[in-house]
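Descriptive analysis of the structure
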Amino acid sequence: MSIPAKNTNSSGYTIIEIIVSIFIVVTLFSLVSAGYRQYILKKNLDVVKATIVSDIKLAQEYALAGKKPTGCDVLNGYIFQTFTSGNRYTLRADCTSDVEVKAVVLSKVASGINLLTNNSVLFKSMGLGTDIAAGGSRAFSIRKQTTMATRTKTIYSGGEVR
């Protein structure tokens, strides 16, 4: 009786090769997804910072142009003000009676981001500067709750935003 020869030309993968391949793919995916998650959190914070800077510059633009909203008789300027309670900021025309031009709640822009400072700055109409003392500045800070990353923008007495 003869013993059949073992077939050495088998095709396919062994179970060990499949398990090792799956392990490598899962490990790579977990590393990439963690990095991507951190990237998204950082970008959310940058989006809120850019939104705040945009609205500060809008207040400057309106004040320089002397743009009076409806209901404003005498325009002194525009006020950009932050409120930690309610996590929001407003843009108001400083008239005999203030006129709210824009109000933003940060949770509607991106979740988990908090204002850290109650602060305000008046951009005086027709290019007369700000209410910040010469050489002074005011800072506006935001923080992402989960990462504790912070972004700060500073407005100087001449109106520069850095």
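Check the entry above for the structure.
Residues numbered from 1 in each chain as written. Predicted model: local features only at pLDDT ≥ 70, side-chain atom pairs only at ≥ 80, totals over all residues. Heavy atoms only, no water.

**Looking at the environment of Asn-87**
Of note, Asn-87 is situated in the loop between β1 (77–83) and β2 (88–94). On the accessibility criterion, Asn-87 (14% relative accessible area) is buried. With 17 residues separating them in the primary sequence, Asn-87 and Val-104 have C-alpha atoms 8.8 Å apart. Apart from residues no more than four positions distant in its own chain, Asn-87 is found in contact with Val-104, Val-105, Leu-106, Ile-113, Asn-114 and Leu-115. (Helix = DSSP H or I, 4+ residues; strand = E, 2+ residues; numbered from the N terminus. Buried < 20%, exposed > 50% of the residue type's maximum accessible area, 1.4 Å probe, protein only. Contact = heavy atoms within 4.5 Å.)

**A closer look at unusual backbone geometry**
In this model, Met-126 sits at a positive phi of 60 degrees, which is unusual for a non-glycine residue. With respect to the helices and strands, the residue Met-126 is situated in the loop between β5 (119–124) and β6 (137–144). Despite not being glycine, Met-148 has its phi angle at roughly 65 degrees, a positive value. Within the secondary structure layout, Met-148 lies in the loop between β6 and β7 (150–156).

**So, helix α1 (residues 15–65)**
Here α1 is 51 residues long and its end C-alpha atoms lie 73 Å apart, about the 75 Å a rise of 1.5 Å per residue gives. For α1, every residue scored as buried is listed here: Leu-41, Leu-45, Asp-46, Val-48, Ile-52, Val-53, Asp-55, Ile-56, Ala-59, Gln-60, Tyr-62 and Ala-63. One or two positions beyond α1, positive phi appears at Gly-66, with a value near 70 degrees. (Expected span 1.5 Å × (residues − 1).)

**What to know about the side chain of Thr-130**
Looking at the secondary structure, you find Thr-130 in the loop between β5 and β6. We classify Thr-130 as buried; its relative accessible area is 8%. Within polar-contact distance, the side chain of Thr-130 engages the backbone nitrogen of Ile-132 at 3.2 Å. One polar contact links the side chain of Thr-130 to the main-chain carbonyl oxygen of Ser-157, over a distance of 2.9 Å. (Polar contact = N/O pair within 3.5 Å; in protein donor to acceptor, adjacent residues only side chain to side chain.)

**Quick notes on the state of the cysteines**
Summed over the entire model, instances satisfying the criterion amount to one disulfide. One disulfide bridge connects Cys-72 with Cys-95, the sulfur atoms lying 1.9 Å from each other. Taking the torsion about the sulfur-sulfur bond, which here is approximately -100 degrees, the covalent link between Cys-72 and Cys-95 counts as left-handed. Of this pair, Cys-72 sits in the loop between α1 and β1 while Cys-95 sits in the loop between β2 and β3 (99–105); the two residues are 23 residues apart in sequence, bridging distant segments of the chain. (Disulfide = S-S within 2.5 Å.)

**Examining empty space enclosed by the protein**
Following the criterion strictly, the structure yields one cavity of 30 Å³ or more and no others. Of the pockets and cavities examined, the largest cavity occupies roughly 40 Å³. (1 Å grid on protein atoms, 1.4 Å probe; cavity = no way out; pocket = protein on both sides within 12 Å on 5 of 7 lines; lining within 4 Å. Points joined across faces, edges and corners; volume = space filled by probe spheres on them.)

**Comments concerning the nonpolar core**
Residues Ile-52, Ile-56, Tyr-78, Phe-80, Phe-123, Ile-142 and Ile-155 are the most contacted members of the largest nonpolar core, which totals 29 residues. The element best represented in this core is α1, accounting for eight residues. If we ignore the near neighbours within four places in the chain, the residues touching Ile-142 are Leu-45, Val-48, Lys-49, Ile-52, Leu-106, Ile-113, Asn-114, Leu-115, Leu-116, Ala-149, Thr-150 and Arg-151. (Core = buried A, V, L, I, M, F, W, Y, C linked by side-chain atoms within 4.5 Å.)

**So, the packing of aromatic side chains**
Think of a pair of aromatic rings as described by two things: how far the centres are apart, and how the planes are tilted against each other in angle. Across all of its chains, the model carries four aromatic pairs by this definition. With a centroid separation of 5.2 Å and 80 degrees between ring planes, the pair formed by Phe-80 and Phe-140 is classed as edge-to-face. Within this pair, whereas Phe-80 is found in strand β1, its partner Phe-140 is found in strand β6, the two being separated by 60 residues in sequence. With a relative accessible area of 4%, Phe-140 lands in the buried category. Among the aromatic residues, ring-to-ring pairing joins Phe-80, Tyr-89 and Phe-140 into one connected group. Taking the ring centre of Phe-83 as reference, the NZ or CZ of Arg-88 above it sits at 4.2 Å. (Phe/Tyr/Trp six-rings, centres within 6.5 Å; stacked < 30°, edge-to-face > 60°. Lys NZ or Arg CZ within 6 Å of the ring centre and 35° of its normal.)

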